[in-house]
Amino acid sequence: MPVDPKEFFLVYALENAVTHNSVPKAGAVLGMLMGKHPEFRSQAKEMSAVLKDVLNEVEALSSEERVERLKKLSPEFFTHKDEKKEKVRGLRELKNVGENGVVMRFAPNPSGPLHLGHARAAYLNDYYVRRYKGRYILRIEDTDPRRVEPENYGLLLDDVKWLGINITETVYQSDRFDIYYEYGKKLIEIGGAYVCTCDSEVFRELKNSKKECPCRKNSIEKNLELWKRMLAGEFPEGTITVRVKTDMNHPDPAMRDFSIFRVVDHPHPKIDAKVYPMMNLSVVIDDHLLGVTHVIRGKDHIANTRRQAYIYDYFGWNPPEYHHYGRMSIGDVVLSTSAMKEGIKTGIYTWWDDIHLGTLKAIARRGILPEAVRNCMIDIGVGQTDIKFSWENLFAENKALVDPVSNRYFFVPSPVRCDIAGAPKVTAKALLNPNDESKGYRSLDFEGSLYACRDDLKDVSMVRFKDLFNATVKPEGDGFTLKYCGKSLEDARNKHAPIIQWVPAGKNARCTLLSPDSKMEGFCEEGVMSEVNNVVQFERIGFARIDSEKGGSVTAYFAHH
Ligand code: GLU
């Protein structure tokens, strides 16, 4: 059957508009037609004209109308999409789930606020607790005094709250040092660990050549005595450690007699301690005593899982079920805690919520909802293949959530003031949200002059100011001469006039729209001033979170198209 290019364009443009809420660029659509149907290549000019009409038509439709049209033209678009979503949102089953469901944990180190990497662990574990019921422990792993600053606790708890995960109890490892010491002692008593006073370099060399260090042969009594003196603070940092007896012939040197306690000469904000457990010890003791049944964590913990198995064996405990997911690289933002901290100190970043950072605080500031992050992480899933985090997917998930509820406004960046000759004074009315008429209208009083984007007036002879009227445009000097030419939308469409946003010259708010790599300045509707903390859609520009308003000036952060 021969292809009807008009229908081809319409379906493609509608699919794009429904998925991304923006009309695609003409070049992309044209390229698609020519690629799939080379027979049209000789008619590029005619096709361009047909396409322009189609894109204008789609532009003028509301979101609902777009969906309706697309349902008629291409019902399979919807069935296909729904099936896909169903399939990817569910994760594989967990093995060995008991009658009481699961006990899982989210175990961040409070070295700074949480970022997208933490969100993955938090949401994957949360997913299973919701699915199988049970308990979800937030375990704050604050056993490295050099990486714990007092304010980090509050930052972390705020982030956990923002994530909206189903935490049933919170545990601080700094409250559990006596327990770790008790089990440390037990491990020494059963011959599973020894106290080592070798110089760390000497130990490393011995270890790398599969040789035992002299301390390994110490009697249990001697080890207990050293342990007592270690706890009493007799040894400075770096001179003593407790090691698990593993296998000095293990093919992986990292498994050979690893450390489980050390001395740290640095104050801890919550406790007065000298001897600190290493994570492999504290994690095993806690997972066991807190009854953790399943652990979903990153592949970077595989070596720890192997190390921890030695401790489980010595105590005769069953380890939880582990699942290690692949690495996730996150481009375009700063993630390293030390780089963030340094940047905040030197003023490169404003704070932890600076939009150049990959913290949850930064993405919240950019108008991303926690639910979008959750959906994204569940879609990414627990696969073991390393992946690259897709900001595009995160934006698409967020858009699906904000599009139905966010109010629409005009924002005019790089504005030029226009007096429209012959125009009547009118009040334009536009729906706050075309998907939800119950939200009502916003009204814009046109009193003779308005602001429009300079770029929108370039190279056109006529424009339609959205929801207002049409005007002819002529360049003049630095600006433009505009004349009223009627209010018919039909007429504007027939003449291929672009439909552009505007704000009244008298009533508006100054607006700065920031993204990680750009800054737009201009005017927006007055109504935006009452949207602080909300995500709105700036028509033809994209979604943005209104961050603040002061003295008639709005600062907004760009979220996505
Ligand atoms: N606190 C560790 C981390 O943030 C997690 C420990 C674990 O999952 O066992 O990497």
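The residue numbering used here restarts from 1 in each chain and proceeds along that chain's sequence as written. The model is predicted, so local features are restricted to residues of pLDDT at least 70 and side-chain atom pairs to those at 80 or more, both for listing and for counting; the totals for chains, interfaces and linings are taken over all residues. Heavy atoms throughout the structure, all of them, feed into the side-chain values; hydrogens and water do not.

## Some details on the overall build of the chain
By definition, any uninterrupted DSSP run of H or I lasting at least four residues is a helix, any uninterrupted run of E lasting at least two residues is a strand, and each is numbered from the N terminus. Across its full length, the chain holds 18 helices and 27 strands. It is over C-alpha atoms that the radius of gyration is taken, and the globule rule equals 2.2 Å times the number of residues to the power 0.38. Taking 561 residues into account, the globule formula puts the C-alpha radius of gyration at 24 Å, and the chain, at 31 Å, lies well above it. Overall size of the chain, expressed as C-alpha extent along the three principal axes, is 100 × 60 × 45 Å. Working definition: with a 1.4 Å probe on protein chains only, accessible area under 20% of the residue-type maximum means buried, over 50% means exposed, and in between means partly exposed. When each of the 561 residues of the chain is scored for burial, the buried share is 49%. Note on contacts: a residue pair is in contact if any heavy atoms of the two residues lie within 4.5 Å. Of the contacts made within the chain by residues no fewer than 6 positions apart, 69% connect residues no fewer than 24 positions apart. The charge count includes Lys and Arg as positive and Asp and Glu as negative, but it does not include His or the ends of the chains. For charged residues, the charge sits on one atom: NZ in Lys, CZ in Arg, CG in Asp, CD in Glu. The averaged location of the 79 negative side-chain charges in the chain is 2 Å from the averaged location of its 79 positive side-chain charges.

## Side note on a negative patch on the surface
Exposure above 30% relative accessible area and the lack of any salt bridge qualify a residue for a patch; like charges then connect within 9 Å, and the nonpolar side chains Val, Leu, Ile, Met, Phe, Trp and Tyr within 5 Å. For every accessible area listed, the method is Shrake-Rupley and the probe measures 1.4 Å; residues are considered covered only by the protein chains on display. The salt bridge criterion pairs a side-chain nitrogen of Lys or Arg with a carboxyl oxygen of Asp or Glu, the two atoms within 4 Å. Together, Glu64, Glu65, Glu68 and Glu437 give the surface a local cluster of negative charge. With relative accessibility at 42%, the residue Glu68 sits in the partly exposed group.

## Concerning the site of the ligand
Being near a molecule or strand, for a residue, means having at least one of its heavy atoms within 4 Å of it. Surrounding the ligand, one finds Arg105, Ala107, Asn109, Glu141, Met279, Val283, Arg297 and His301. Note that an oxygen atom of the ligand is positioned 2.4 Å from one of the side-chain N or O atoms of Arg297. Any pair of N or O atoms that falls within 3.5 Å is considered a polar contact. Within protein, one atom must be able to donate a hydrogen and the other to accept it, and sequence-neighbouring residues count only if both atoms are side-chain atoms. One of the side-chain N or O atoms of His301 is found 3.1 Å from an oxygen atom in the ligand. Surface burial for the ligand is 82%, taken as the share of its 300 Å² of free accessible area covered by protein chains. The class makeup of the residues in the shell around the ligand is three nonpolar, two polar and three charged. Amino acids are sorted into nonpolar (Ala, Val, Leu, Ile, Met, Phe, Trp, Tyr, Cys and Pro), charged (Asp, Glu, Lys and Arg) and polar (every other residue, Gly among them).

## Some details on the side chain of Asn407
Looking at where Asn407 falls in the secondary structure, it is placed in the loop between helix H16 (391-402) and strand E12 (408-409). Reaching out from Asn407, the side chain makes a polar contact with the side chain of Lys439 at a distance of 3.1 Å. Of the polar contacts made by the side chain of Asn407, one reaches the side chain of Glu531; its length is 2.7 Å. Excluding residues that lie within four positions of it along the chain, Asn407 makes contacts with Leu432, Asn433, Lys439, Glu531, Val535, Val536 and Gln537.

## Quick word on the nonpolar core
Throughout this description, the term nonpolar core refers to a set of buried Ala, Val, Leu, Ile, Met, Phe, Trp, Tyr and Cys residues connected via side-chain atoms within 4.5 Å. Grouped together as the largest cluster of nonpolar side chains are 44 residues, with contacts concentrated most on Phe106, Leu116, Tyr128, Val373, Phe389, Trp391 and Leu394. Per-element tally for this core: the top contributor is helix H6 (residues 116-132), with ten residues. In contact with Leu116, not counting residues within four places along its chain, are Met328, Ile330, Gly358, Leu360, Ile363, Val373, Met377, Phe389 and Trp391. Membership of the second largest hydrophobic core comes to 30 residues, among which are Ala273, Leu281, Val284 and Ile285.

## A look at the confidence of the model for the chain
Chain-level statistics for the chain give a pLDDT mean of 94 and a share of 98% at 70 or above. Overall, residues 83-88 carries pLDDT values under 50, and its contacts beyond four positions in sequence, including any with other chains, amount to three contacts. pLDDT is defined as a per-residue confidence score from the predictor, taking values between 0 and 100.

## Let's talk about the sheet that holds strand E17 (residues 449-453)
The sheet built from seven strands is open, its strands ordered E21-E18-E19-E20-E14-E17-E22 with mixed pairing. Every interior strand has two partners, whereas the edge strands, strand E21 (499-500) and strand E22 (503-504), have only one. Here strand E19 (residues 470-476) runs beside strand E20 (residues 479-484); their pairing, made up of six bridges, is antiparallel. When the sheet's bridge partners are listed, Pro475 is paired in E20 with Phe480. When DSSP locates at least two bridges between a pair of strands, those strands are taken to pair.

## With respect to the pattern of salt bridges
Under the defined criterion, the tally for this structure stands at 38 salt bridges. Residues Glu201 and Arg204 are paired through a salt bridge, measuring 2.7 Å at the closest nitrogen-oxygen approach. A residue pair is termed a helical-turn pair when its members lie 3 or 4 positions apart in one helix, as Glu201 and Arg204 do in helix H9 (residues 200-208) at three residues. Residue Arg374 pairs with Glu371 through a salt bridge whose shortest N-O separation is 3.6 Å. Within this pair, Arg374 and its partner Glu371 are both found in helix H15 (residues 370-380), separated by three residues, close to a single helical turn. The exposure class assigned to Arg374 is buried, which follows from its relative accessible area of 10%. Here Glu371 falls in the partly exposed class, since its relative accessible area comes to 37%.

## Regarding the pairing of strand E26 (residues 542-550)
Judged from the four bridges that link them, strand E25 (residues 535-538) and E26 form a sheet pairing that is antiparallel. Looking at E26, one finds that Val536 is bridged to Ala544. Relative to strand E27 (residues 553-560), E26 runs antiparallel, the two being bridged by seven bridges. For Arg545, the partnering residue across the bridge sits in E27 and is Tyr557. Where E26 folds back onto E27 in an antiparallel hairpin, the turn is made up of two residues, including Gly551, whose phi is positive at roughly 50 degrees.

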